[in-house]
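Breakdown of the fold
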Amino acid sequence: MLESIALRRVLLAVAALMGAAAILLALFLADTDDNDVTVTGNAAVDELIPPRNAEVLSQETVGIDLAAGYDARLSINGVDIPPGQIRHLPNLNRFTFRPDQGKVIESLRAEQNCALVTYWRQETGSAEAATISWCFTAS
């Protein structure tokens, strides 16, 4: 009888230690740099600008950094950004828009803002486009 009680206590202690070790391992391996799974798991998208759920100023640049060979269209809060107002940096394949006077969006809303990018491989054209969307807060 004493042997079974002692065995139970040992098993409970081992289980508790294993549980604590599992929790510590999970915390250690947790992704603490706020990587966005929809970006890190997407070969076409290198970076969202600003990142998902970021807090930015109302004149912040919004856009996307794509892998080479992709083209894109951008809309912010449901407003399509004209191609002439999108800045494209070919060396980085970065497509950005900065709100300003005289542009289709003069400043971001002082609340949640959402961007939608439609992107496609240049060799296949926009008929085979994909989209990615994200939101951020401006102040």
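Use the structure listed above.
Computed from a prediction, not measured in an experiment: that's the story for all the values here.

General note: in soluble globular proteins, nonpolar side chains tend to be found buried as a group. Among the nonpolar cores identified, the biggest contains 27 residues, and Ile64, Tyr119 and Ile132 are the most heavily contacted of them. Among the secondary structure elements, those contributing two or more residues to this core are strand S1 (45–49), strand S3 (62–66), strand S4 (70–76), strand S7 (94–97), strand S8 (112–121) and strand S9 (130–138). If we skip the residues at most four places from it in the chain, Tyr119 touches Asn42, Ala44, Val45, Leu66, Tyr70, Asp71, Ala72, Ala129, Ala130, Thr131 and Ile132.

If you walk through the whole model with that rule in mind, you get one disulfide. The residue that forms a disulfide with Cys114 is Cys135, at a sulfur-sulfur distance of 1.9 Å. In this structure, the disulfide formed by Cys114 and Cys135 twists by about 100° around the S-S bond and is classed as right-handed. With Cys114 in strand S8 and Cys135 in strand S9, this pair connects stretches of sequence that are 21 residues apart.

The subject of this paragraph is the pairing of S3. Buried residues dominate S3, accounting for five of its five residues. Here S3 shows a buried face lined by Val62, Ile64 and Leu66 and a second buried face lined by Gly63 and Asp65. Examined bridge by bridge, S1 and S3 share four bridges and lie antiparallel to one another. Within the sheet, the bridge partner assigned to Val45 lies in S3 and is Leu66. Examined bridge by bridge, S3 and S7 share four bridges and lie antiparallel to one another.

In this section: the side chain of Asn113. Within the secondary structure, Asn113 is located in strand S8. Overall, Asn113 belongs to the buried group, its relative accessible area being 0%. At a separation of 2.9 Å, a polar atom in the side chain of Asn113 contacts the main-chain carbonyl oxygen of Arg109. In this structure, Asn113 is in contact with Asn77, Leu108, Trp134, Cys135, Phe136 and Ala138, ignoring residues within four places of it in sequence.

Rules of the game
Residues numbered from 1 in each chain as written. Predicted model: local features only at pLDDT ≥ 70, side-chain atom pairs only at ≥ 80, totals over all residues. Heavy atoms only, no water. Core = buried A, V, L, I, M, F, W, Y, C linked by side-chain atoms within 4.5 Å. Buried < 20%, exposed > 50% of the residue type's maximum accessible area, 1.4 Å probe, protein only. Helix = DSSP H or I, 4+ residues; strand = E, 2+ residues; numbered from the N terminus. Contact = heavy atoms within 4.5 Å. Disulfide = S-S within 2.5 Å. Pairing = 2+ DSSP bridges. Polar contact = N/O pair within 3.5 Å; in protein donor to acceptor, adjacent residues only side chain to side chain.

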